[in-house]
Amino acid sequence: MLVNGTHHRSIWRDAQNGAVRILDQRWLPHRIDIATLKSLDDFATAIRDMWVRGAPLIGATAAYCIAEQMARDPSDAALVHAVDVLNATRPTAVNLRWALHRCQSELQPLDPTQRSDAARALAEEVADEDVEINRNIGVHGLELIRKISATKPDGAPVNIMTHCNAGWLATVDWGTATSPIYHAYDAGLPVHVWVDETRPRNQGALTAWELGQHGVPHTYVVDNAGGHLMQHGQVDILITGTDRTTASGDVCNKIGTYLKALAAHDNGIPFYVALPSPTIDWTAQDGLGEIPIEERSGDEISQIHGRGPDGTDLANVTVTPEGTNTGNPAFDVTPNRLVTGLITERGICDASAGGLAALFPDRVE
Ligand code: MRU
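This one's a predicted model, so the numbers in the text were calculated from it and none came from an experiment.

Turning to the packing of aromatic side chains, a few remarks are in order. Describing an aromatic ring pair means giving the distance of the ring centres and the angle of the ring planes. Counted by the stated rule, this structure contains two aromatic pairs. Residues W168 and W209 carry aromatic rings whose centres are separated by 6.4 Å and whose planes lie at 40° to one another, so their mutual orientation is tilted. In this pair, W168 sits in the loop between β6 (158-162) and α6 (178-186) while W209 sits in helix α7 (residues 204-214), placing the two residues 41 residues apart along the sequence. The exposure class of W209 is buried, given its relative accessible area of 11%. Plain terms: the ring middles of W282 and F360 are 6.1 Å apart, the flat faces sit at 65° to each other, and that makes the pair edge-to-face. Of this pair, W282 sits in the loop between β13 (280-281) and α10 (287-290) while F360 sits in the segment after α12 (353-359), placing them 78 residues apart in sequence. This pair shows no difference in class: W282 is buried, exactly as F360 is.

Let's shift gears to the site of the ligand. Neighbouring residues of the ligand: 19 residues in total, closest R53, R90, D243, N253 and K254. Between Q203 and the ligand, the recorded distance is 2.8 Å, taken from a side-chain N or O atom to an oxygen atom. Here N253 contributes a side-chain N or O atom positioned 2.7 Å from an oxygen atom of the ligand. Taking 410 Å² as the accessible area of the ligand by itself, protein coverage stands at 100%. Contributing elements (two or more residues each) for the shell around the ligand: α2 (55-72) and β11 (251-254). Across the shell around the ligand, the residue classes break down as seven nonpolar, eight polar and four charged.

On to the pairing of strand β8 (residues 218-221). Examined bridge by bridge, strand β7 (residues 191-196) and β8 share four bridges and lie parallel to one another. Looking at β8, one finds that W194 is bridged to T219. Considered for its hand, the β-α-β crossover made up of β7, α7 and β8 is right-handed.

Reading across the sheet, the four strands line up as β13-β10-β11-β16 and stay open at both edges, with mixed pairing between neighbours. The open sheet terminates on both sides in strands that have one partner only, identified here as β13 and β16 (331-334). Alignment of strand β10 (residues 244-246) against β13, held across two bridges, turns out to be parallel. Among the inter-strand pairings, T245 is bridged to a residue of β13, identified as I280. Those strands touched by helix α9 (residues 257-266) are β11 and β16, and its axis lies near 30° from that of β16.

Let us look at the domain arrangement of the chain. Parsing the chain into structural domains produces domain 1 (2-129) and domain 2 (139-359). Between the C-alpha centres of domain 1 and domain 2 the distance comes to 24 Å. The interface of domain 1 with domain 2 comprises 36 residues on the first partner and 36 residues on the second. Both sides of the domain 1 and domain 2 interface together cover about 3,000 Å² of buried area, and 57% of this is carbon and sulfur. The interface formed by domain 1 and domain 2 includes two salt bridges. Ionic pairing is found between E294 and R90, a salt bridge with its closest N-O pair at 2.9 Å. Residue assignment for the side of domain 1 that touches domain 2 shows that the elements contributing at least two residues are β1 (2-3), α2 and α4 (94-107). For the side of domain 1 that touches domain 2, the per-class residue count stands at 18 nonpolar, 10 polar and eight charged.

Taken as a whole and judged by the stated rule, the model has zero disulfides. Cysteine C164 is unpaired, with the sulfur of C252 as its nearest cysteine sulfur at 11 Å. Since its relative accessible area comes to 7%, C164 is described here as buried. Here C349 is not cross-linked by a disulfide; its sulfur's nearest cysteine counterpart is in C252, at 18 Å.

Right, let's talk about the sheet that holds β8 for a bit. Strand order in the open sheet formed by seven strands is β8-β7-β6-β9-β12-β17-β18, with mixed pairing between adjacent strands. Looking along the sheet, the strands with just one partner apiece sit at the ends: β8 and β18 (347-349). Between one strand and the next, the sheet's axes are offset by a mean angle of 25°, whatever the strand orientation. Lying over the sheet, helix α5 (residues 112-150) contacts β6, β7, β9 (237-240), β12 (271-274), β17 (341-344) and β18, oriented at roughly 135° with respect to β17.

A word on the pairing of β9. The alternating pattern of β9 places I237 and I239 on one face and L238 and T240 on the opposite face, and all of these are buried. The pairing of β6 with β9 spans two bridges and is parallel. Its bridge partner lying in β9, M161 is registered against L238. With three bridges connecting them, β9 and β12 associate as parallel partners. Note that in β12 the partner of L238 across the bridge is F271.

Rules used in this analysis
Counting restarts for each chain: residues are numbered from 1 in the order of the written sequence. It should be noted that, the model being predicted, local features are given only for residues of pLDDT at least 70 and side-chain atom pairs only at 80 or more, the latter also being counted only at that level, while totals for whole chains, interfaces and linings use all residues. The side-chain quantities take in all heavy atoms of the structure and omit both hydrogens and water. Two aromatic rings from Phe, Tyr or Trp, using only the six-membered ring of Trp, form a pair when their centres are within 6.5 Å; if the ring planes differ by under 30 degrees the pair is stacked, by over 60 it is edge-to-face, and anything between is tilted. A run of DSSP states H or I qualifies as a helix once it reaches four residues; a run of E qualifies as a strand once it reaches two. Both are numbered from the N-terminal end. Relative accessibility under 20% of the residue-type maximum defines a buried residue, over 50% an exposed one, and the middle range a partly exposed one, all with a 1.4 Å probe and only protein chains included. If even one non-hydrogen atom of a residue comes within 4 Å of a molecule or strand, that residue is called near it. Pairs of N or O atoms are called polar contacts if they sit within 3.5 Å, as long as, within protein, a hydrogen donor faces a hydrogen acceptor (for residues adjacent in sequence, only side-chain-to-side-chain pairs). Throughout, the Shrake-Rupley method with a 1.4 Å probe supplies accessible areas, and for residues the shown protein chains are the sole cover considered. Under the scheme applied, nonpolar residues are Ala, Val, Leu, Ile, Met, Phe, Trp, Tyr, Cys and Pro; charged residues are Asp, Glu, Lys and Arg; polar residues are all the others, including Gly. Pairing between strands is defined by DSSP: at least two bridges between the two strands are required. We call a crossover right-handed when, viewed with both strands directed away from the observer, the connection leading from the first strand over the helix to the second proceeds clockwise. Any two residues having at least one pair of non-hydrogen atoms within 4.5 Å are treated as being in contact. The axes are straight lines fitted to the C-alpha atoms, using for helices just the contacting stretch, and the angles between their N-to-C directions are given from 0 to 180°. Where each domain starts and ends comes from a domain assignment, either automatic or drawn from a database. Two parts placed together each lose some accessible area; with a 1.4 Å probe, that loss summed over both constitutes the buried area. The term salt bridge refers to a pairing of a side-chain nitrogen on Lys or Arg with a carboxyl oxygen on Asp or Glu at a separation within 4 Å. Cysteine sulfur atoms that come within 2.5 Å of each other are treated as a disulfide pair.

Encoded structure:
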């Protein structure tokens with residue numbers, strides 16, 4: 001998608017020297033900073049400390065990491081070590097496990113002399129596939145927006161609410177929840193996006209930044225405003241992303257998603273989840289019981305990160321009394337009964353075992 005009018009992916013290989021580059025999301029939306037990742041420690045830190053984030057991008061970053069490590073040391077021991085280290089970085093987004101399993105199962109059987117080239121090609125394949133999956137989510141999701149648009153007076157926008165950043169910054173390109181929005185905007189449909197701030201880390205600022213780069217009208221609101229906006233008819237549809245969706249359609253996503261789904265249900269507003277197939281955990285049925293929820297540092301709660309008054313420096317500002325106890329569960333689970341539908345790369349289905357199995361008969365375990 002666009003950064004200052006130029007097309008970018010969130011992770012890529014440098015055309016000159018092949019180095020792995022990322023848009024370092026610690027500094028967005030205030031500063032555009034590109035980081036180079038080389039060592040296993042670089043990659044693990046970038047995922048753990050959220051220089052890159054969002055389930056699909058975490059998976060792609062892991063694949064690039066394996067490629068870099070295999071170029072240095074293609075031994076069995078190095079492969080297993082890299083997989084173990086990366087697997088421990090963030091527990092909830094299943095795309096990490098998915099990408100590492102794919103790398104390991106394709107590379108392990110090879111002779112070590114073949115692993116570097118194969119891993120490099122595999123990382124590109126994972127990244128390119130992600131782009132295509134998300135593009136297709138957009139094509140299917142566009143039809144939902146088109147239908148709502150047809151019910152509106154001429155020129156009135158479809159009001160879409162989203163939570164967290166499930167945009168192109170959370171994937172390799174397009175985004176998941178934002179892909180239908182970009183497709184609708186590019187097709188000339190009037191759209192307006194309510195962007196949830198998404199405390200504590202304010203990923204909504206990333207969503208606002210990328211929508212702004214593309215010219216999509218949007219309004220940034222605090223998380224607590226969602227219910228009020230829904231009660232007053234100002235939201236036509238919600239579309240969020242997901243970090244892990246069970247085979248039965250329970251959706252784990254950024255903390256606060258469940259409250260949005262409850263309010264949508266109470267107000268009869270469709271609540272859709274954009275779901276790339278690598279985010280489906282076919283081994284899990286019960287979202288509440290089987291998905292590990294990441295608990296992050298209390299510093300994310302007691303402090304807010306942003307641009308300082310002089311406009312250049314980025315600073316952390318403390319908001320709580322010194323020594324306050326904090327709790328920071330990073331994700332929650334929305335039961336499938338609250339989800340109107342899942343927008344996948346193969347089409348839209350019910351959030352149910354039957355719905356997912358009908359679209360993915362080849363993947364059901
Ligand atoms: O903690 P984060 O920023 O990695 O969480 C991201 C989300 O919750 C996204 O909604 C999810 O990964 C879907 S991204 C297409």
